[in-house]
Amino acid sequence: KQDGHPVSLCLFSTDYYYEYTECDSVGSRWRVAIPRILGTCSALPTPTRGTDCSFSCAAGEFLEMSAQQCTTCAAGSYSLGSGVRFDQWDTIPAGFTSLATYMDPGPSGEESQACNSSSWTPQGVYLESSRDECTVSLVYAVHLEQQGSVSFSYQYPDNNIFFEFYVQNEQCQEMAQTDDQKWIKLTTNGEWDTHTVNLKSGTNILYWRTTGILVGGKMVKPVLLRNIQIEGVAYTSECFPCRPGWFSSSPGSSSCQPCPRNTSSHKGAASCTPCPDTQYSHEGWSQCKERPPCSEKDYFQIHTACDSEGKTQVMYRWVEPRICEENVTGAVALPPTGEREACPPCNPGYYNTDDSTCFPCPPGTHSDGTSVCEECPAGTEPVLGYEYKWWNVLPSNMKTSCFNVGNSKCDDMNGWEVAGDHIRSGAGGSDNDYLILNLHVPGFKLPTSLAGMTGTEFGRITFVFETICSADCELYFMMDVNRKSTTVVESWEGSKERQSYTHIMTRNASVSYTWAFQRTNQAQDVRRYISDVVILYSVSVTNVQDGVASACRACALLSQSSQRPGSCIPCPAGFYIDRDTNRCQECPPNTYLSGHHTYGEDACLPCGPGSKSNKEHSRCYSDCSFSQTEHNRTLTFDLSSLSPVASLTIGPSFTSKGTKYLHVFNVSLCGHQGKMAAVCTDNVTDIANKDMGSDSTQFVNSVDSFICQSTIIPADGRGFRMALASQSISLADTFLVPQPQVATGSCQRGRSAVMTIRCNPEKTDRGKLTVPSACPAGTCDGCTFHFLWESGSACPRCTQDDYHQIEGACKGGVQETLSVWNEPKLCIKGISLTAKSSAPCEAIALWLKVGVGGGAFLAVLLVSLTCYFWKKNKRLEYKYSRLVMSANKECELPVADSCALAEGEEPEDDVVYSHKPSLLGKLRAIANKREGDSSESVQLKSSQSERWVWG
């Protein structure tokens, strides 16, 4: 016994196994025997010199350690020889580690716990990354005895996830890699790509790292990994058994194959076992399942092609592969075929033959699809393009397919089916299939009437669609330019009412448009959403090279050949075709020419207020100066200081996981001859498409606009070596022009931006750009953005109405006049204040001022007294007249009782004179009356008699 354990001789090879020691400095090693249970074995085989450290076996072989020779793998197993492969993802294989980190510390410096649940998730045939903004790394360490490589298949459809692959050595130092090796290229939805990186000998630590950029509230699409293969390991000491559902039928296999439909297999199988008739299985299944009863979800309808009599009918077919059982209780039968009905007409630009087949019209002719092709009349040219609105058969330049990430059961199916007046998504094989419809356009060619224009529109695609969904379906509209890279132009989630979408091509190139529809992104064995469909009613593409013509358009003619066909000439930039003469005429000032219409003066659209057209009449813009008249006053503004592109950074904001991000707006307000100088660049896409060349990157990397927005994730704290810029969008690409805006998936009326410029003389010429406090992101609904730009340049130019003059005192015979700005001053530049001026004046002496003042006072006093006494005199005249009227009618003098005044009686002051005395006499008489000790007789005269009155 040894340490309490019985010790025995190890006579059988099952009691121990062989391993190699570490390689020494000369590349040699030893083979040693190790007991399977430590301490229970003695007399182990003597160590022997092993194979050279660089020795390895070929694919399909393994190193048999007893003989130290390469041996062929048995059927049901496989080997890569000097490599290892990981293609089973029911669980994360041994040696792999998923690490979730969040490098932004909390407010007190503590680490965030929000990412503890984030990880890479095994999904059977592939590995799925985290969908949140946590940084999640898949780590695998491997020791290579010789130089090797690592390759893996992946899907990376969403640039809202930052995906990188890098390698470190055992000292955690990052290996030197090129950009092509480090940054992973984007892939099309549903397509797999392969990435390969060379490895050095020694320890290599492999990192697949993802970080979501969730700042818009939309769920991102995860990165998928499968088939990770590493070459360069020293040897493989055993073969790997095929996983359940897979098999290898011959010895010496380097890989296993999936079992076909309706078969299954166990682990390490050399063949697959067929399922019973009442059971079914899909490709690669490890066991069979019972067939369910057939239901309405197991069949779909199609329209047959037109027969020789011009008839079509509706037929029903089972969804393939058919898994349901028809002859059981509760199962539904396939509906009968519908009645024959007339086929729809040909699409515009095509004509119908006797056998109900549609053919394109010859060049130079046109047809509306219901009549024969006719030549365009003189003075016109065919309008080339594609216009599909009848769907009896799929057009020759369109194709349809089906694709699934996890299986190949729908690879041979049609993704879309024609249905007369529309084309709709097909059944597919699973609810998470990508149902793909592709339209190829060889290029664009402007018609002769538009060839001289300098605009940026070469053509446009417009389609009308509708989605009917009960789950999380999504429709993608994608574009592949020059077969470089497929990018998502727009996407729609859930049910959408019938609507139209237009995309404008700004460059002449070969392009493939793709519609991809997915009912749900969750893999399920049972069909639940087969009734969820997308319906495409019509598709039209303008200015297509080698297209067909549905109509003719007028063109400009040469004067000497106006009656001959083919005499069309292009009009110069900014010219339209006159309706009466078919001659080129320049558009009126401050109008711009519509990019797809030049016939008639109405093609010249007026620019909005405060804007003007460029020399080519291709767009309207502000030249940074304009005038406005109000209250009979003209205000002139000069905004040239605001012409350079301005930037506004808003934030920081934080996502639910705590990711810090900023919104950056770039604004090109005026100038630049109408060029949209504000550029927002997506540097995540830049990196991913670094090797694609300029042809593709200009479609996906940057946005040129008057106002654009980017979302920035700062480099600090997230472990990135640079700030990430993504989700670049255009907010304004038309300057005050009354035309419809291009709708987006979330803003049906298009995005718009309102820029308010406020005069503030205290600000600098560049001023300050802000957003409303009520909407800190610049918008409250995501569609209309508001900005405020306070600047001294926003004030009008100064005029004579902005100041007034003040006259000073006359000093020394000189009077000064000073010009002063009106307060508050709300103008800049313009005219300057007039210089201080002086003029001669006369000064008045002090004694003269006192004399004039005293004389004025006496004059006022005299006038006042005169008025008083005049009024007194009037009273006397009135009293005397009353006395005369009460006298004796016989003109007898009354008897005076007494000449004296009785006690208490006041003397009568009123006297009536027969002759009007002078003013001096009146004053004297009144003064005498007031003495009281004298009397006065006054002679009275009358026209009839004379009377005496005694006083």
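Please read these numbers as outputs of a predicted model, since none were measured by experiment.

Draft legend 1. Spotlight on the state of the cysteines. Under the criterion given, the structure shown has 20 disulfides. Here C571 is linked by a disulfide to C584, with a sulfur-sulfur distance of 2.1 Å. Taking the sign of the S-S torsion, -85° for the link of C571 and C584, the bridge is left-handed. Taken together, the positions of C571 in the loop between β47 (568-569) and β48 (575-577) and C584 in strand β49 (residues 584-586) put the pair 13 residues apart, joining distant regions of the chain. Residue C571 is classed as buried on the basis of its relative accessible area, which comes to 3%.

Draft legend 2. Representation of the confidence of the model for the protein within the structure. When pLDDT is averaged across the protein, the result is 79; 80% of the residues are at 70 or more. Confidence drops under pLDDT 50 across residues 737-745; counting only partners more than four residues distant or on other chains, this segment forms 20 contacts. Segment residues 896-902: pLDDT under 50, and two contacts once partners within four positions in sequence are set aside and those in other chains are kept.

Draft legend 3. Main features of the pattern of salt bridges. Summed over all chains, the structure comprises ten salt bridges. The residue E164 makes a salt bridge to R209 at a minimum N-O spacing of 2.5 Å. Placement of E164 in strand β15 (residues 161-168) and of R209 in strand β17 (residues 202-212) is noted, with a sequence separation of 45 residues between them. Taken as a pair, E164 and R209 share a single burial class, namely buried. Close ionic contact of E790 with R758 constitutes a salt bridge, the shortest N to O distance being 3.9 Å. With E790 in strand β64 (residues 784-791) and R758 in strand β62 (residues 752-759), this residue pair connects regions lying 32 residues apart in the sequence. Each of R633, D801 and D802 takes part in salt bridges that share partners, so that together they form one network.

Draft legend 4. Examining a nonpolar patch on the surface more closely. Residues F857, L858, L861, L865, Y868 and F869 make up a contiguous nonpolar surface patch of roughly 630 Å² in combined accessible area. Here L861 lies in helix α4 (residues 846-885). Under the relative-accessibility criterion, L861 is labelled partly exposed at 42%.

Draft legend 5. Structural context of the sheet that holds strand β65 (residues 803-811). With antiparallel pairing, the three strands of this open sheet are ordered in space as β65-β66-β67. This sheet does not close on itself; its edge strands, each paired only once, are β65 and β67 (837-840). Neighbouring strand axes in the sheet, compared pairwise and without regard to direction, differ in orientation by 25° on average. When strand β66 (residues 814-821) meets β67, the two strands line up antiparallel, connected through four bridges. The residue bridging T817 from the neighbouring strand is S837, located in β67.

Draft legend 6. Looking closely at the side chain of N543. Here N543 lies in the loop between β44 (533-542) and β45 (548-554). Take N543: its relative accessible area is 8%, and that puts it in the buried class. Not counting residues within four places of it along the chain, the set of residues in contact with N543 comprises L384, G385, G443, F444, K445, L446, P447, F458, G459 and R553.

Draft legend 7. Inspection of the sheet that holds strand β3 (residues 30-35) at higher detail. Across the sheet, which stays open at both edges, the three strands sit in the order β2-β3-β5 with antiparallel pairing between neighbours. Taken across any chain shown, the strands that pair with only one partner, and hence form the sheet edges, are β2 (16-20) and β5 (48-49). Across five bridges, the pairing between β2 and β3 is antiparallel. The residue bridging Y17 from the neighbouring strand is I34, located in β3.

Thresholds applied
- Residues numbered from 1 in each chain as written.
- Predicted model: local features only at pLDDT ≥ 70, side-chain atom pairs only at ≥ 80, totals over all residues.
- Heavy atoms only, no water.
- Disulfide = S-S within 2.5 Å.
- Helix = DSSP H or I, 4+ residues; strand = E, 2+ residues; numbered from the N terminus.
- Buried < 20%, exposed > 50% of the residue type's maximum accessible area, 1.4 Å probe, protein only.
- pLDDT = per-residue confidence, 0-100.
- Contact = heavy atoms within 4.5 Å.
- Salt bridge = Lys/Arg side-chain N within 4 Å of Asp/Glu carboxyl O.
- Patch = residues over 30% accessible without salt bridge, like charges linked within 9 Å, V, L, I, M, F, W, Y side chains within 5 Å.
- Areas by Shrake-Rupley, 256 points an atom, 1.4 Å probe, with all protein chains shown as cover.
- Pairing = 2+ DSSP bridges.
- Axes fitted to C-alpha atoms, helices over the stretch in contact; angles between N-to-C directions.

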